[in-house]
Amino acid sequence: MNIQGFNKLTLLDYPGLTACTVFTGGCDLRCPFCHNSGLVLDPRGTEGYTVDEVLTHLKKRKGILDGICVSGGEPILQPDLEDFLRRIRDIGDYKIKLDTNGTHPERLANIISEGLCDKVAMDIKNSPEKYAQTVGVRNFDVELIRASLSFIMLSGIDYELRTTLVREFHDEESMRGIAEFIRGAKAYYLQNFLDSGDVLYGGLHGFDRREIEAFADIVRDSVRLVEIRGVD
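The rules behind these values
Residues numbered from 1 in each chain as written. Predicted model: local features only at pLDDT ≥ 70, side-chain atom pairs only at ≥ 80, totals over all residues. Heavy atoms only, no water. Core = buried A, V, L, I, M, F, W, Y, C linked by side-chain atoms within 4.5 Å. Buried < 20%, exposed > 50% of the residue type's maximum accessible area, 1.4 Å probe, protein only. Helix = DSSP H or I, 4+ residues; strand = E, 2+ residues; numbered from the N terminus. Contact = heavy atoms within 4.5 Å. Polar contact = N/O pair within 3.5 Å; in protein donor to acceptor, adjacent residues only side chain to side chain. Axes fitted to C-alpha atoms, helices over the stretch in contact; angles between N-to-C directions. Parallel < 35°, antiparallel > 145°, perpendicular 65-115°, else oblique. Left-handed = near helix turned anticlockwise from the far one by under 90°. Nonpolar A, V, L, I, M, F, W, Y, C, P; charged D, E, K, R; others polar. Pairing = 2+ DSSP bridges.

Attention shifts here to the nonpolar core. Among the nonpolar cores identified, the biggest contains 68 residues, and Phe84, Leu161, Ile182 and Tyr188 are the most heavily contacted of them. Broken down by element, this core gets its largest block of residues, five residues, from helix H3 (residues 81-91). Once you skip the residues sitting within four places of it in the chain, leucine 161 turns out to touch Met122, Ile124, Leu149, Ile152, Ile182, Ala185, Ala187, Tyr188 and Tyr189.

Here it is as structure tokens:
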């Protein structure tokens, strides 16, 4: 496992649980608004953490921490991800949340089918028509996303979908496309873009709350729960 970041305590990354988060290096997308660009462009980093360091921390914090979030980058690119998740399972008492961009549906399906995670948070970057532009990959195959989406919605696992809203990429038309794309989903969260100072490309902008509320209204007829995060 290429673990480039380790947040030993978070109340945000696994909603409802006290958790820790590991950040893996490497991603197969190049979203211009990515706030972890260092993990994308320099996936080996300069430091890093070992699996044993993470597992030791989990063993010491049993009864204090409730869960762990495995994020990135794109964690499913890690060839030994399943082994890492099994070792967490062996410790016991921890819920596992997996963050993914949905580009590897078969492997995601295997991880879920083996019971190696308890929750999946999957990014929905944009409507199918605007996906390639939004993820920065020419001729991107959006059917990969459709397959991952279909599997998690039918799997019975706890999940959430989420979109980071960027003025340069999202508008009412794209939100209508997203609404149709994720129709029938149980939980969808809109997150406003904020420039962390470590984004892939500068000069991008978010929206005000009124605009985001209007976007949320577009999706509400298609999804059971639509909420806004990170907007005052």
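This part is about the side chain of asparagine 126. Considering the arrangement of structural elements, one finds asparagine 126 in the loop between strand S5 (119-123) and helix H5 (131-135). Only 2.9 Å separates the side chain of asparagine 126 from the backbone oxygen of phenylalanine 169, close enough to count as a polar contact.

This part takes up the environment of serine 148. The residue serine 148 is located in helix H6 (residues 143-155) in this model. Dropping the residues within four chain positions of it, serine 148 is found in contact with Gly102, His104, Pro105, Leu108 and Met122. Here the side chain of serine 148 touches glycine 102 through a polar contact of 2.8 Å, landing on its backbone oxygen.

We now examine the packing of helix H2 (residues 51-60) against H3. At a minimum axis distance of 10 Å, the contact between H2 and H3 shows a crossing angle of 20°. Taken as axis vectors, H2 and H3 run roughly parallel relative to one another. The crossing of H2 and H3 is right-handed. Side by side, H2 and H3 meet where Val51, Asp52, Val54, Leu55, Leu58 and Lys59 of the first sit next to Phe84, Arg87, Ile88 and Ile91 of the second. Of the residues in the contact of H2 with H3, the class split is seven nonpolar, no polar and three charged.

Strand order in the open sheet formed by eight strands is S1-S2-S3-S4-S5-S6-S7-S8, and the pairing between neighbours is mixed. The open sheet has two edge strands, strand S1 (3-10) and strand S8 (226-229), and neither has a second partner. Looking at each pair of strands side by side, their axes are set apart by 20° on average, direction ignored. Two elements, strand S6 (residues 158-165) and strand S7 (residues 188-192), share five bridges in a ladder whose sense is parallel.

So, on to the pairing of strand S3 (residues 67-71). Burial runs high along S3: five of the five residues are buried. Alternating positions in S3 separate into two faces, Gly67, Cys69 and Ser71 on one and Ile68 and Val70 on the other, with burial throughout. The pairing of strand S2 (residues 19-24) with S3 spans five bridges and is parallel. When the sheet's bridge partners are listed, alanine 19 is paired in S3 with glycine 67.

This next bit is on the packing of helix H7 (residues 172-181) against helix H8 (residues 209-219). In the contact formed by H7 and H8, the axes pass within 8 Å of each other and the chain directions differ by 35°. For the pair H7 and H8, the crossing hand works out as right-handed. Between H7 and H8, the contacting residues are Glu172, Met175, Arg176 and Ala179 on the first element and Phe215, Ile218 and Val219 on the second. Looking at the contact of H7 with H8 residue by residue, the classes come out as five nonpolar, no polar and two charged.

From the geometry alone we can't say anything about function, so treat these as descriptive.
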